[in-house]
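Here's the letter readout for the chains.
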Amino acid sequence: MADPPSEFELAALQTADPPAPSDCELEALHPRPSDIPHQGTRRRRHEEPGESPPTRIFLLGCCLGLILVGGLSLALRHPASTGIDGAPTPLGAPPSPTSRAYHRISASLGENNFNATKKFSFVHISKCAGATFIRLLKDAPLNVCPRAEAGFEQSAWHQHHASECQDSDYKLVSLRSPRHHVYSLFTECKYDKWGRQVTKNTGFPRTNDTGVECRECDERDIDQWLGSFLPMGPNTEGYYRCYHPANYQSRALTSHSAGAHGVSNHQFEPDIDLAKRTYREFDWVALADFVHQSRCLLYYRLGPEAPASTIAYLDSTCRCLGARNAPNPNSVHVSHHALGHRAILRDLPPDILEKVKNLTEVDAQLYKLALGEFMAKIAWLESDLGRRVLCDDVLDRWEPELAYMNVSVTELYSVVSGIASGSAPDADSSGVDWMFDEDPVCNPIQTNSAQCTQVNNLGRTDTPLECARRMANFSYCGDLFLFSTAHPERGCQCCSLGDQNETATGIEEWAYSAAECTAQDAPSSHRRD
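Attention in this report is confined to the structure presented alongside it.

Analysis parameters
- Residues numbered from 1 in each chain as written.
- Predicted model: local features only at pLDDT ≥ 70, side-chain atom pairs only at ≥ 80, totals over all residues.
- Heavy atoms only, no water.
- Helix = DSSP H or I, 4+ residues; strand = E, 2+ residues; numbered from the N terminus.
- Buried < 20%, exposed > 50% of the residue type's maximum accessible area, 1.4 Å probe, protein only.
- Contact = heavy atoms within 4.5 Å.
- Areas by Shrake-Rupley, 256 points an atom, 1.4 Å probe, with all protein chains shown as cover.
- Phe/Tyr/Trp six-rings, centres within 6.5 Å; stacked < 30°, edge-to-face > 60°.
- Lys NZ or Arg CZ within 6 Å of the ring centre and 35° of its normal.
- Pairing = 2+ DSSP bridges.
- Axes fitted to C-alpha atoms, helices over the stretch in contact; angles between N-to-C directions.
- Disulfide = S-S within 2.5 Å.
- Expected span 1.5 Å × (residues − 1).
- Arc of directions from axis to C-beta.
- Core = buried A, V, L, I, M, F, W, Y, C linked by side-chain atoms within 4.5 Å.
- Polar contact = N/O pair within 3.5 Å; in protein donor to acceptor, adjacent residues only side chain to side chain.
- Salt bridge = Lys/Arg side-chain N within 4 Å of Asp/Glu carboxyl O.
- Parallel < 35°, antiparallel > 145°, perpendicular 65-115°, else oblique.
- Left-handed = near helix turned anticlockwise from the far one by under 90°.

What about the overall build of the protein chain?
Move 1: Each helix and strand counted, the protein chain has 19 helices and 12 strands in total.
Move 2: Of all 529 residues assigned to the protein chain, the portion counted as buried reaches 48%.
Move 3: Within the protein chain, contacts between residues separated by at least 24 positions form 70% of all contacts whose residues are at least 6 apart in sequence.
Move 4: Carbon together with sulfur atoms contributes 52% to the accessible area of the protein chain, which is approximately 26500 Å² in total.

Structural notes on the packing of aromatic side chains
Move 1: This structure, assessed with the given rule, holds 19 aromatic pairs.
Move 2: Look at Tyr 243 and Tyr 248: their rings are 5.8 Å apart centre to centre, the planes differ by 90°, and that puts the pair in the edge-to-face class.
Move 3: For Tyr 248, a relative accessible area of 1% translates into the label buried.
Move 4: Taking the centre distance of 5.2 Å and the plane angle of 15° together, the rings of Phe 481 and Tyr 512 count as stacked. Here Phe 481 is found in strand E9 (residues 477–483), whereas its partner Tyr 512 is found in strand E12 (residues 510–513), with 31 residues between them in sequence.
Move 5: The class for Tyr 512 is buried, based on a relative accessible area of 2%.
Move 6: Here the aromatic cluster, defined as three or more aromatic residues joined through ring pairs, consists of Tyr 183, Phe 186, Phe 204, Trp 225, Phe 229 and Tyr 240.
Move 7: The ring of Tyr 404 carries the charged tip of Arg 179 above its face, separated from the ring centre by 4.0 Å.

Let's talk about the sheet that holds strand E4 (residues 284–287)
Sheets are built from strands that pair by backbone hydrogen bonding, the pairs being arranged parallel or antiparallel.
Move 1: Pairing within the open sheet is parallel, and its four strands lie in the order E2-E1-E3-E4. Of all the strands in the sheet, the pair left with one neighbour each is strand E2 (143–145) and E4. Pairs of neighbouring strands in the sheet enclose a mean axial angle of 30°, with direction left out of account.
Move 2: Examined bridge by bridge, strand E1 (residues 119–123) and E2 share three bridges and lie parallel to one another. Residue pairing for E2: Lys 119 is matched across the bridge by Asn 143.
Move 3: On the sheet, helix H15 (residues 361–385) packs against strand E3 (170–175) and E4 and is oriented at approximately 100° with respect to E4.

Section: the state of the cysteines
Move 1: Summed over all chains, the structure comprises eight disulfides.
Move 2: One disulfide in the model links Cys 296 with Cys 318; its S-S distance is 2.1 Å. Torsion about the S-S bond of the Cys 296 and Cys 318 cystine: about -95°, corresponding to left-handed handedness. Here the residue Cys 296 occupies a position in helix H12 (residues 291–301), and Cys 318 occupies one in the loop between helix H13 (308–317) and strand E5 (320–321), the gap between them amounting to 22 residues. Like Cys 318, Cys 296 is buried.

What about the sheet that holds E12?
Move 1: Strands sit in the order E8-E10-E9-E12 across an open sheet of four strands; the sheet is antiparallel. Only two strands of the sheet have a single neighbouring strand rather than two, namely strand E8 (455–457) and E12. For this sheet, the mean angle separating the axes of adjacent strands, direction not counted, is 35°.

Topic: the environment of Tyr 512
Move 1: Taking the C-alpha atoms as reference, Tyr 512 lies 7.7 Å from Cys 442; in sequence the two are 70 residues apart.
Move 2: With residues near it in sequence (within four places) discarded, Tyr 512 still touches Cys 442, Asn 443, Pro 444, Ile 445, Pro 464, Asp 479, Leu 480, Phe 481, Phe 483, Thr 485 and Cys 517.

Details of helix H4 (residues 97–111)
Move 1: The first and last C-alpha atoms of H4 sit 22 Å apart over 15 residues, in line with the 21 Å expected at 1.5 Å per residue.
Move 2: Within H4, burial applies to Thr 98, Ser 99, Ala 101, Tyr 102, Ile 105, Ser 106 and Leu 109. Relative to the axis of H4, the buried residues are bounded by an arc of 160° and lie together on one face.
Move 3: The elements touched by buried residues of H4 are H12, H15 and helix H17 (409–421).

Remarks on the nonpolar core
Move 1: With 100 residues, the main nonpolar core has Ile 125, Trp 225, Trp 284, Phe 290, Leu 371 and Met 375 as its most contacted residues.
Move 2: With sequence-adjacent residues up to four places away left out, Met 375 is seen in contact with Phe 290, Leu 390, Leu 395, Val 409, Leu 412, Tyr 413 and Val 416.
Move 3: Counting residues in hydrophobic clusters, the runner-up holds 14 residues, among them Cys 442, Cys 467, Met 471 and Phe 483.

Notes on the environment of Glu 401
Move 1: Structurally, Glu 401 is set in helix H16 (residues 392–401).
Move 2: Take Glu 401: its relative accessible area is 1%, and that puts it in the buried class.
Move 3: As for Glu 401 and Arg 346, which are separated by 55 residues in sequence, their C-alpha atoms are 6.1 Å apart.
Move 4: Here His 180 takes part through its side chain, which lies 2.7 Å from a polar atom of the side chain of Glu 401.

Observations regarding the pattern of salt bridges
Move 1: By the definition in use, this model includes 17 salt bridges.
Move 2: The salt bridge involving Asp 392 is made with Arg 388; its shortest N-O contact spans 2.8 Å.
Move 3: By sharing partners, the salt bridges in this structure join Arg 104, Arg 280 and Glu 373 into a single network.

Section: the packing of helix H11 (residues 272–280) against H15
Move 1: Following both chains from N to C, one finds H11 and H15 inclined at 30°, their axes separated by 10 Å at the closest point. Relative to H15, the element H11 lies roughly parallel. Judged by the twist between their axes, the crossing of H11 over H15 is right-handed. Residues Ile 272, Ala 275, Lys 276, Tyr 279 and Arg 280 of H11 pack against Val 362, Gln 365, Leu 366, Leu 369, Ala 370, Glu 373 and Lys 377 of H15.

What to know about unusual backbone geometry
Move 1: Look at the link from Cys 145 to Pro 146: it is a cis peptide, with omega at -5°.
Move 2: In this fold, Pro 146 is placed in the loop between E2 and helix H6 (156–161).
Move 3: The peptide bond linking Leu 230 to Pro 231 adopts the cis configuration, its omega dihedral lying at -10°.
Move 4: Topologically, Pro 231 is positioned in the loop between helix H9 (215–227) and helix H10 (248–254).
Move 5: Positive phi outside glycine occurs at Ala 129, with the angle close to 65°.

Here it is as structure tokens:
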């Protein structure tokens, strides 16, 4: 026997307008002549098969069930519905930014395995474990370009457009926590053989030169080193012929110079939108702070045709034994000098940490995005493998070290893992949603060749979104603008007020709407209501 309706179901039925009855319901609820006994006579024992009382009773029961379910469904769809306590019945919450990001990332990963026989271009950003990753790629073995673990590190643009690697099939890169990256840049200049050579006679701060570890000396030297780059401006572009730490990673992704050791064209703070766009062009983004886990992710994405050594590593080492990683006899770490290493940086003097923060604000935004998406990829990997890969001891190490970015890596990992496994798809993600803020989409409204009657060139921008935002400063610009992603050097071309784009031949510009491009920006941005 079916269970009676609950109080919630009854309340829902009382508060919702029922849908119009179906033909089935009308037929069941309205008696037919053959169902009404004649006065003074008995019902015939032999009825037509479709009109037997048991059939009609069953039909009536089914349709009443439909009414109950339909009413309940309708009640659930309307916010005005109330539960047994009179409170509004909650509707299903829309997906959180974290949930949307995870499902977007997992869908992309699930459809795109790497072909191990193809060519891999690895952009080696200085002091982001690039030498380590290049060695891992060669040992796999994979066809990686460039193959040298040391030497001149190229910018992403130069490597992909003006080097032997430009015909590669896949683009790879590694990023690093900005605080730890800047400290590593400093120790490379101070202690490495190459660093000592290039900084000779430049005034580079090196108070201890005895070959003996001296943490107090390192703190004095890095404080002076950082101070020589602040405030950022034309007078602080010198870099001791070694590294300029101002947003180094973002500059490596956005600069059209051959390398990013020094600042070019006063670009201390690169455009974050361009940095993010370049970031998204990479097929694999490793984190130097999670080398082993990055390696596991890469090996898994090589698919079933991966080299035997990568499959063996994935099976034996990419797993947790209790709270710790499985033993890793094949661990690889390339180090350039013995002195100056410091695993814990949060205990550096506050003045030093503040200077690092001021020099890496764009890098911090880039790394925040990379860290959030990396954790989502690890959650996808663990869900597919059916086991943990990122272990508690690693989370425990990085939890306090990355707290300076106002993020809990433990909470972040827990949230994305719950979404990936389905064990907690609706877990509170408010503490990490900010890491997955979605960039405004700036799609062209006309992808054929376009032109305007009167065009005003506002100078070069590298993205249509940057162009749309620049237009806010020019009152003579209308909503439309022309931009060529293939030839950004042609500039940001805004159309005059009231101008309409027209189709033309022989040009490559596309037409965009500034209002649509900046619709997700703050109210102060360029938008047309």
